[in-house]
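Structural features, examined
The chain contents come next:
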Amino acid sequence: MCCISIMGSHHEGAEPVQVEPMPGYLELIIKASSSMFSAWRDCSACGLEFSKRTLLDNAYITWIEIFLFFFCAFLWTQVRRGLTESLFQPLAQRWRLLPKDAAKMPESAWKLVFYTMSWSYSSYLLFFSTYSFFHDPPSVFYNWKSGMSVPLDIAIAYLIQGSFYGHSIYATVYMDAWRKDSAVMVVHHIITLALICFSYAFRYHNIGILVLFLHDINDIQLEFTKLNVYLKTRGGGYYLFNDILSNMGSVSFSITWFWFRLYWFPLKVLYATCVSSLQSVPNIPFYFFFNALLLALLLMNIYWFLFIVIFVVKVLKMKEVNDVREYEEEDKAAAEALRHAQDDNRDADDAGHHNSAHGKHVQNGITKEKHL
């Protein structure tokens with residue numbers, strides 16, 4: 001297989017390197033499992049004590065960075081509240097959205113704004129700067145050194161993303177509409193935050209930018225689609241343009257979910273972390289820990305892909321396009337309300353029959369009195 005010679009991806013002036021062709025699924029499975037088995041077999045000192053020593057020797061993070069993380073997480077929460085109260089909720093009222101849609105519209109609008117911003121910045125780093133991580137994923141570990149400095153542009157991306165996921169753990173529980181997969185979403189945010197924090201501390205920030213880029217684009221399309229689903233029935237009417245946009249967004253979301261998260265993510269990211277990392281840094285710290293987190297992230301992507309398959313089936317059956325994770329509780333509440341309404345109608349009918357019988361009885365009594 002031929003290789004393409006390109007310039008190194010670091011600002012430190014690396015020499016030209018050979019770009020490895022992206023592997024296939026079978027090659028990923030064979031090489032990754034072989035690399036992990038060999039690393040496990042050769043790790044005679046692995047254990048809790050070794051992990052503690054590795055953590056102390058290789059984790060680099062300052063108190064100022066920790067303070068900035070919590071401050072920005074708090075700031076995201078306040079910015080979301082401010083935008084919701086001053087912009088998103090007034091827009092929902094002006095557009096006369098249905099009550100259940102108006103309750104969820106600010107959440108989707110907020111996420112659309114953030115993910116568009118964050119993904120645009122990740123795209124800039126990967127395609128409009130000197131980094132070649134996307135086209136040459138193994139380069140994320142070239143010239144890696146414990147405690148190496150993090151470039152400012154990548155450090156900013158980490159601060160933005162890390163603090164947002166810190167905010168998102170709180171927001172999923174206390175601010176977002178609860179869905180069937182909200183518990184899984186909390187776990188996802190915790191794993192993502194752990195990956196962000198530890199990859200920054202251990203200076204695996206290059207691969208982190210690639211992971212964030214491959215995931216954020218789907219969130220943009222998801223929130224865009226949901227907003228148009230809410231807007232297509234606003235004010236009691238039907239808007240074809242928003243319906244078309246929601247269908248286009250749904251198709252695009254389904255395709256890019258598979259392409260970015262189930263094709264590029266394992267073949268670019270997992271291959272680099274499982275195989276290429278050991279080739280560049282034979283004793284790379286916390287090899288199993290990071291790969292376990294990334295594999296868990298892949299499993300959750302597969303789990304959510306099942307929802308997408310259900311969604312596609314519903315579309316093919318010409319049913320209405322909705323987020324299949326939503327409305328379960330609302331459907332139960334609607335069914336319960338319908339049952340109560342039917343019970344009330346039956347009670348009203350019984351009361352009507354009782355009153356009618358009572359009226360006939362009184363009328364018969366009056367007739368008898370007249371005859372007397």
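Structure: above.
The text that follows walks through the structure, step by step, so that each part is easy to find. (Residues numbered from 1 in each chain as written. Predicted model: local features only at pLDDT ≥ 70, side-chain atom pairs only at ≥ 80, totals over all residues. Heavy atoms only, no water.)

Observations regarding the overall build of the chain
As a reminder, the rule being used: Numbered from the N terminus, helices here are DSSP runs of H or I no shorter than four residues, and strands are runs of E no shorter than two. Exposure classes here rest on a 1.4 Å probe applied to the protein chains alone. A residue is buried below 20% of its type maximum, exposed above 50%, and partly exposed in between. The contact criterion used is simple: two residues touch if any of their non-hydrogen atoms lie within 4.5 Å. Here the accessible surface of atoms and residues is derived via Shrake-Rupley with a 1.4 Å probe, and residues count as covered only by protein chains that are part of the display.
A tally of regular secondary structure across the chain gives 10 helices and two strands. Start at the N end of the chain and walk to the C end: the helices and strands fall as β-β-α-α-α-α-α-α-α-α-α-α. The buried share among the 372 residues of the chain stands at 45%. Looking at the chain alone, contacts between residues at least 24 apart form 80% of all its contacts between residues at least 6 apart. Accessible surface for the chain amounts to roughly 20,400 Å². Of this, 67% is attributable to carbon and sulfur atoms.

Here's the deal with the pattern of salt bridges
Short version of the rule: Any carboxyl oxygen of Asp or Glu that lies within 4 Å of a side-chain nitrogen of Lys or Arg is treated as forming a salt bridge with it.
All chains considered together, the criterion is met by nine salt bridges. With its nearest N and O atoms 3.5 Å apart, the salt bridge here joins Lys 111 to Asp 176. Placement of Lys 111 in helix α4 (residues 99–127) and of Asp 176 in the loop between α5 (152–174) and α6 (182–201) is noted, with a sequence separation of 65 residues between them. Using a relative accessible area of 14% as the deciding quantity, one classes Asp 176 as buried.

Details of the nonpolar core
This is how the line gets drawn: Definition used in this section: a nonpolar core is a set of buried Ala, Val, Leu, Ile, Met, Phe, Trp, Tyr and Cys residues joined via side-chain atoms within 4.5 Å.
Counting residues in each nonpolar core, the largest one holds 79 residues, and the members touching the most others are Met 105, Ile 154, Tyr 204, Leu 214, Phe 265 and Val 269. Where this core is concerned, the elements lending two or more residues are α1 (25–42), α3 (63–94), α4, α5, α6, α7 (205–231), α8 (240–280) and α9 (287–316). Ranked by the residues each element gives to this core, the list is headed by α8, at 14 residues. Once residues within four sequence positions are removed from consideration, Tyr 204 is found in contact with Phe 141, Trp 144, Tyr 158, Ser 199, Ile 284, Pro 285 and Phe 290.

Brief notes about the environment of Leu 298
Secondary-structure assignment places Leu 298 in helix α9. Take Leu 298: its relative accessible area is 15%, and that puts it in the buried class. The spacing of Leu 298 and Pro 266 is 32 residues in sequence and 7.5 Å in space, taken between C-alpha atoms. The residues touching Leu 298, leaving out its near neighbours within four places in the chain, are Arg 261, Leu 262, Phe 265, Pro 266 and Leu 270.

What to know about unusual backbone geometry
If a residue is not glycine, its phi is most likely negative; likewise, a peptide bond is most likely trans. For Asn 143, which is not glycine, the phi dihedral falls at a positive 60°. Along the polypeptide, Asn 143 turns up in the loop between α4 and α5. Using a relative accessible area of 36% as the deciding quantity, one classes Asn 143 as partly exposed.

Focus: the packing of aromatic side chains
Heads up, the rule is: Two aromatic rings from Phe, Tyr or Trp, using only the six-membered ring of Trp, form a pair when their centres are within 6.5 Å; if the ring planes differ by under 30 degrees the pair is stacked, by over 60 it is edge-to-face, and anything between is tilted. Each ring is checked for a lysine NZ or an arginine CZ that lies within 6 Å of its centre and within 35 degrees of its normal; such an atom marks a charge sitting over the ring.
Tallying each qualifying case throughout the model produces 40 aromatic pairs. On the numbers, 6.0 Å between centres and 55° between planes, the contact of Phe 213 with Phe 260 is tilted. Of the two residues, Phe 213 is situated in helix α7 and Phe 260 in helix α8; the sequence distance between them amounts to 47 residues. Across this residue pair, the class does not change: Phe 213 and Phe 260 are buried. Here the aromatic cluster, defined as three or more aromatic residues joined through ring pairs, consists of Tyr 25, Trp 119, Phe 127, Phe 134, Phe 213, Trp 259, Phe 260, Tyr 263 and Trp 264. Above the plane of the ring of Tyr 200 lies Arg 203, whose end atom (NZ or CZ) is 5.2 Å from the centre. Against the face of Tyr 239 rests Arg 234, its NZ or CZ located 3.7 Å from the ring centre.

Let's talk about the packing of α4 against α7
Let me state the cut-off plainly: Each axis is a line fitted through C-alpha atoms, and for a helix only the stretch in contact is used; angles between axes span 0 to 180 degrees, taken between their N-to-C directions. Every angle not falling under 35 degrees, over 145, or within 65 to 115 is termed oblique; those three ranges are roughly parallel, roughly antiparallel and roughly perpendicular. Here is the rule for handedness: rotate from the far helix to the near one, and if that takes an anticlockwise turn smaller than a right angle the crossing is left-handed, while a clockwise turn gives right-handed. By the convention adopted, Pro, Cys, Tyr, Trp, Phe, Met, Ile, Leu, Val and Ala count as nonpolar, Lys, Arg, Asp and Glu as charged, and the other residues, Gly among them, as polar.
Look at α4 against α7: their axes get within 7 Å of each other, and the N-to-C directions meet at 150°. Taken together, α4 and α7 sit at an angle that is classed as roughly antiparallel. Between α4 and α7 lies a crossing of left-handed hand. The residue makeup of the contact of α4 with α7, split by class, is 17 nonpolar, five polar and seven charged.

Describing the packing of α1 against α8
In contact at an axis separation of 9 Å, α1 and α8 are set at 35° when each is read in the N-to-C sense. Crossing of α1 over α8 shows left-handed handedness. Packed against α1, whose contacting residues are Tyr 25, Glu 27, Leu 28, Lys 31, Ala 32, Ser 35, Met 36 and Ala 39, the element α8 presents Phe 258, Leu 262, Tyr 263, Pro 266, Leu 267, Leu 270, Tyr 271, Cys 274, Val 275 and Leu 278 at the interface. Residue classes in the contact of α1 with α8 are distributed as 15 nonpolar, one polar and two charged.

So, the environment of Trp 259
By the secondary structure assignment, Trp 259 is in helix α8. Under the relative-accessibility criterion, Trp 259 is labelled partly exposed at 38%.

A word on a nonpolar patch on the surface
As a reminder, the rule being used: Patch construction takes residues with relative accessible area above 30% that form no salt bridge. Like charges are linked within 9 Å, and nonpolar side chains (Val, Leu, Ile, Met, Phe, Trp, Tyr) are linked within 5 Å.
On the surface, Ile 64, Phe 67, Leu 68, Phe 71, Leu 75 and Val 79 cluster together to form a nonpolar patch covering roughly 560 Å² of accessible area. By relative accessible area, which is 39% here, Leu 75 ends up partly exposed.

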